[in-house]
Structure formats: structure tokens, C-alpha cells
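# Residue-level structural notes
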Amino acid sequence: MLALLGLAMVVVFTYLIMSKRLSPIVALTVVPIVFAIIGGFGGTTGKMILDGLKVVAPSAALLLFAILFFGLMIDSGLFDPLIRKILKKVNGDPVKIAIGTALLSLTVALDGDGTTTYMITCAAMLPLYKRIGMNPMVLATVAMLALGIMSGMSPWGGPATRAIAVLGIDASEYFIPLLPTMAGGAAWVVFTAYLLGRAERKRIGSVHLQSGGGECYIEAILGDTPYKRPKLVWVNLLLVIGVMVALVMGLAHSAVLFLIGFVLALMINYPQLDIQKERILAHSGNAMTVVLLVFAAGVFAGIFSGTKMVDALAQSLVDMIPPSWGHLFPLVVAVTSMPLTFVLSNDAYYFGVVPILAIAAAAYGISPVEIARASI
């Protein structure tokens, strides 16, 4: 009965998300509460919710401070010298322009926000694409590939955020072993950009631009704002490097490191209290949406595991899999995640399917963090 109840909950949740009848935050909260009451767990629902919130609280803190930290770095103009150099170097060569698009996208995508990545990358590169006649689909393809690597795999990005939150795993434990994979993925994005750029070069050739011809749109993108701090570029760079090195070395919990990094960035770049408040408010929209989603996931995960629905579903799945296939479970998750995340939304897959897979994998001695990496 628990397995059927859990399956019904996942189906209803998926339907409401996919049909856009409810927002993910509302569905993650309301649906499990309703099914907990239907299953006779009304008296313990509050405790299960609280337990789930405790599990995801560190992930929520990590996301909040990571988004604010990288948002401040973009505000201060940390990446401006790199963007300016890329735009000046590419000139009118389609290969260089495509590779420059890849490098720019990979850099900007560090903040985990797709909107910011596309806005900056497209605003910087699209005028150049139009000017020499390059296919804008190259820009879209390269930017999306870069975002999939940097934002998709980083613990403060969308898919990883969901997997970490719903499985209650440590972000550093998930992230650090993935760094070589991310480096390989980034190299592949650059190589793909090279191939696409070479095809465009064959089609339209190289267009020589006047040395000062691109300055107008470069300055339009990188022009001074009240929040740019060009004199503090090296200080900010050292701060980012320091945070990332400490993260890789595991000197403290990732949420603590980004909290310290955010506070230092705020004090160094914007010592005036009114500007500090303004910058926090400017990025609070993106940060709060993600944090609320994580806490809602805590409600879903707390009830899903507290009622043992997920255990019953996972046991049913294990019963259908031959024991000799157990060691292949992460590979199965990795392969099936591609079509499933295409057919389902990220919320439906990571909050509804991945917990079942993780519990089933545990029967074969496979840890949840391996399932999280495989699903990403």
C-alpha cells in the first residue's frame, strides 16, 4: 500500500508540475502533506517536515551565499577585463568568435544563474555575430553547452541544487570529485565551439574589423556603472581563488566559505551601508527563489522518507532488477537521466524519481552521492 501511495504521490506531483497547475514550490509542499494525511500520518507530518527542513538547511545556506557572492563579483566588474580581452581578440574570425563565446559563457555561468549568463553572453557577442553574418544558432548552442557544464554541475546551480537538497548530501562531497569531469566538459565545449566556428569560417570567411570598430559595443556592455570597482579587480580575484581553494581543500563547510566570501566581498567593494542593502536586494530575487525551492524540497523529502513511501517504492524497484545488475546502477541512472529530464521537468525528475533511485541503489551498496552525480 505504501508503494502505491508513494507512486500516486509522485504521479500527481509530476502531473501538477508538468501541466503548470501548481508552481514547484507549492506542489512540493502541498502534495506530500495531502498524501501524508491520506496515508494516516497526519499526527507526525509536522515532525517529518521539520526533519526534512533540517536536512536541506545547509544546502539552502550554500545556495543563498554562493548566488550573492558571484552576483557581487559580476557587479564589481571582476570579469570585465576578460570579456574586453575576448571581444578585442576575436576580431572578425568566426573560429575565434565561437571560442570566445565559449570562454565567456563558461566564466559568467559560474554564478549558476542561466538568465545572467545568457544576458551577458548574448549582449556581448550577438552584435558581433550579426556584424559579420555568423549564424546566431552557434551563439545559442555554445552558451547552452557552457551553462550545462558550469551551472548544471556546480552545487549552486539548478539540477545539482535539487539533487543535493532532496538526497540531503554534503555539497563538497558531491562537488569536488566532479571537478575533473567539469574540466573535461569545459574543454569539450571549447572544442565544439572550434568545430562550429570552423564551419562558419568556411561559409562566410573571415571579416577584418577596424581596430576601433568594436569599441562602441564593448563599452556599451562594459561601460562604467556606480557598482563597478576596477581598482579592486585583483583583490576580488584573490578572494574568489581563496574561496574556491578552501572549498576544494575542505577547510570548512561550503556554506560557511561562501558566507565568509560574500561578507568580505560586500565590505571590500561596497563599504557604504545603503549600497550594501541595494546590492543584496538586487540579487535577492534569484537567491530567494532557489532557497524557497530547496526548503520546499525539504518538505517533500521529509514526508517521502518519513512515511517510508520512498523505501517501499525502492524495494519494488529492487525486486525487479537482477542482483547481477546492481553494480551497473549508477550507469543506468546516468543513461536514463538524459531522456527523463528531457520528458520531465527538472523538479519532477529530481524530487520525484531520484530519491527512489537512491534508496534502490543503497541495496547494492551504492551511496546517494554517486546517484546524485550520475543523475547530473
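Source: prediction; values computed, not measured.

About the thresholds
Residues numbered from 1 in each chain as written. Predicted model: local features only at pLDDT ≥ 70, side-chain atom pairs only at ≥ 80, totals over all residues. Heavy atoms only, no water. Helix = DSSP H or I, 4+ residues; strand = E, 2+ residues; numbered from the N terminus. Rg over C-alpha atoms; globule rule 2.2 N^0.38 Å. Buried < 20%, exposed > 50% of the residue type's maximum accessible area, 1.4 Å probe, protein only. Contact = heavy atoms within 4.5 Å. Areas by Shrake-Rupley, 256 points an atom, 1.4 Å probe, with all protein chains shown as cover. pLDDT = per-residue confidence, 0-100. Core = buried A, V, L, I, M, F, W, Y, C linked by side-chain atoms within 4.5 Å. Expected span 1.5 Å × (residues − 1). Bend = angle between axes of the 7 residues up to and from the residue. Polar contact = N/O pair within 3.5 Å; in protein donor to acceptor, adjacent residues only side chain to side chain. Phe/Tyr/Trp six-rings, centres within 6.5 Å; stacked < 30°, edge-to-face > 60°. Lys NZ or Arg CZ within 6 Å of the ring centre and 35° of its normal.

## Side note on the overall build of the protein
When its secondary structure is counted, the protein shows 18 helices and 0 strands. Its C-alpha atoms give the protein a radius of gyration of 23 Å, within 12% of the compact-globule value 21 Å for 376 residues. With the C-alpha coordinates of the protein rotated into their principal frame, the extents come out at 70 × 50 × 40 Å. Put simply, the protein has 376 residues, and 49% of those count as buried. Sequence-distant contacts in the protein: of pairs separated by 6 or more residues, those separated by 24 or more amount to 79%. Just so you have it, the protein exposes about 17,000 Å², and 71% of that area is on carbon and sulfur atoms.

## Describing the confidence of the model for the protein
Summary statistics for the protein give a mean pLDDT of 84 and a share of 93% for residues scoring 70 or more. The least confident element of the protein is helix α11 (residues 215-222), whose mean pLDDT is 60; the most confident is helix α10 (residues 179-204), at 93.

## Observations concerning the nonpolar core
Of all hydrophobic cores here, the largest spans 112 residues; its most connected members are Phe69, Met125, Tyr174, Phe258, Phe304, Phe329 and Ile371. No other element matches the 12 residues that helix α3 (residues 45-75) contributes to this core. In this structure, Ala36, Ile49, Val299 and Ile303 belong to the second largest nonpolar core, which totals 5 residues.

## Regarding helix α7 (residues 136-153)
A turn of α-helix holds 3.6 residues, and therefore any two residues three or four places apart point the same way. Taking 1.5 Å of rise per residue, 18 residues should cover 26 Å, and α7 covers 25 Å from first to last C-alpha, within 8% of that figure. Approximately 25 degrees is the largest bend angle found in α7, and it occurs at Leu147. Three or more residues of α7 are buried, namely Val138, Leu139, Val142, Ala143, Ala146, Leu147, Ile149, Met150, Ser151, Gly152 and Met153. Near the N-terminus of α7, the side chain that reaches the backbone nitrogen of Met137, with its oxygen 3.0 Å away, is that of Asn135.

## Observations concerning the side chain of Asn269
Residue placement: Asn269 occurs in helix α13 (residues 254-269). Of note is the side chain of Asn269, whose polar atom sits 2.9 Å from the side chain of Asn236. Among the polar contacts made by the side chain of Asn269, one reaches the main-chain carbonyl oxygen of Ala265 at a distance of 2.9 Å. Here Asn269 is in contact with Met73, Ser76, Arg229, Leu232 and Asn236, once residues within four sequence places are set aside.

## Re the packing of aromatic side chains
In total, this model carries 10 aromatic pairs according to the counting rule given. Judged by centre distance (5.9 Å) and plane angle (65 degrees), the rings of Phe69 and Phe258 are edge-to-face. One end of the pair, Phe69, is in helix α3; the other, Phe258, is in helix α13, with 189 residues separating them in the sequence. Among the residues examined, Phe69 registers a relative accessible area of 0% and is labelled buried. For the pair Trp188 and Phe191, a centre-to-centre distance of 5.4 Å together with 50 degrees between the ring planes defines the contact as tilted. Within this pair, Trp188 and its partner Phe191 are both found in helix α10, separated by 3 residues, close to a single helical turn. We classify Trp188 as exposed; its relative accessible area is 54%. The class for Phe191 is partly exposed, based on a relative accessible area of 39%. Through a chain of ring-to-ring contacts, three or more aromatic side chains come together here, namely Phe13, Phe300 and Phe304. For the cation-ring pair, Arg279 lies above Tyr227, with the distance from its terminal atom to the ring centre recorded as 3.7 Å.

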